[in-house]
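Now for the letters of each chain:
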Amino acid sequence: MASPSWLGGLLAAVMILTAGYAVSRLAASRVLRVATEADADGLHALMGAAMAGMFLPQLRVLPSSAWAVVFGAAAVWFAASTIHVGKSAPRAWQCRFPVPHLVECIAMLYMLLALPARQGTPGMAMPAMTAPGTAPSFPALALVLALFMLGYLLWTTDRLANRARAGTAGHPLLAATFADCSKIVMSMAMGYMLIAML
């Protein structure tokens, strides 16, 4: 399937805004001394930066191999957090639900490893813009990850609706509703890229 030429730039801009929001949450939580899910915010800042470069190669800040190391380390962190959550409550600055972030790391690794050769060519980062015969080796994995992103999007949307009914207080940058909106945007972008890789 072919993507419009402007779509890569638009999605890259959305990813930059999402990454910027995650960084602002990290900064605000430190300044205001309010605990937030710092590990999840840090992951989303990195994911936004990496995906902006996937959608628009001119925005690449690191090669695919370096990003793979970053998200590999993040996957180990969230896998350990998943095990730890089963035994005791997470610390105040850790996310309460690490499994979705572990899957996000796996999805990032999949996308990075499936696209490395194409990212060096301007305008060729988007999977739908690649030449025939360069599809990833495991399209079934891309489908499973895309379906997970859809499920995570629906679950986060449900949490967002519940929070909206309950009302929120505190600093706007640290509001859980805005964090959920950021997660929804990230899930949509990742789901789109994974589906485009099929």
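What you see is a predicted model, and the numbers here were worked out from it, not measured in a lab.

Draft legend 1. Quick peek at the overall build of the chain. A tally of regular secondary structure across the chain gives 6 helices and 0 strands. For the chain, the sequential pattern of α-helices and β-strands runs α-α-α-α-α-α. Counting the 198 residues in the chain, one finds 45% classified as buried. A sequence separation of at least 24 residues applies to 78% of the contacts in the chain between residues at least 6 apart. Carbon and sulfur atoms make up 72% of the accessible area of the chain, which amounts to about 9700 Å² in all.

Draft legend 2. The arrangement of the pattern of salt bridges in detail. Tallying each qualifying case throughout the model produces 2 salt bridges. Between D41 and R25 there is a salt bridge, with its nearest N and O atoms 3.0 Å apart. In this pair, D41 is assigned in helix 2 (residues 38–55) and R25 in helix 1 (residues 5–32), connecting sequence segments 16 residues apart. Accessibility assignment for this pair places D41 and R25 in one class, buried. Between K183 and E37 there is a salt bridge, with its nearest N and O atoms 3.3 Å apart. Note that K183 is positioned in helix 6 (residues 176–196) and E37 in the loop between helix 1 and helix 2, a separation of 146 residues in sequence. Under the relative-accessibility criterion, K183 is labelled buried at 7%.

Draft legend 3. Structural detail: the nonpolar core. Ranked by internal contacts, the top residues of the largest apolar core, which has 40 residues, are M51, F55, F71, M108, M111, M190 and L194. Elements supplying a minimum of two residues to this core: helix 1, helix 2, helix 3 (64–87), helix 4 (98–114), helix 5 (139–166) and helix 6. Beyond its immediate chain neighbours, meaning those up to four positions away, M190 contacts M47, M51, E104, A107, M108, M111 and M149.

Draft legend 4. Geometry of helix 4. Given a rise of 1.5 Å per residue, 17 residues ought to cover 24 Å, and the 24 Å separating the end C-alpha atoms of helix 4 matches this to within 8%. The element helix 4 is extensively covered by neighbouring structure, given that 14 of its 17 residues are classed as buried.

Reading the values: the criteria
Residues numbered from 1 in each chain as written. Predicted model: local features only at pLDDT ≥ 70, side-chain atom pairs only at ≥ 80, totals over all residues. Heavy atoms only, no water. Helix = DSSP H or I, 4+ residues; strand = E, 2+ residues; numbered from the N terminus. Buried < 20%, exposed > 50% of the residue type's maximum accessible area, 1.4 Å probe, protein only. Contact = heavy atoms within 4.5 Å. Areas by Shrake-Rupley, 256 points an atom, 1.4 Å probe, with all protein chains shown as cover. Salt bridge = Lys/Arg side-chain N within 4 Å of Asp/Glu carboxyl O. Core = buried A, V, L, I, M, F, W, Y, C linked by side-chain atoms within 4.5 Å. Expected span 1.5 Å × (residues − 1).

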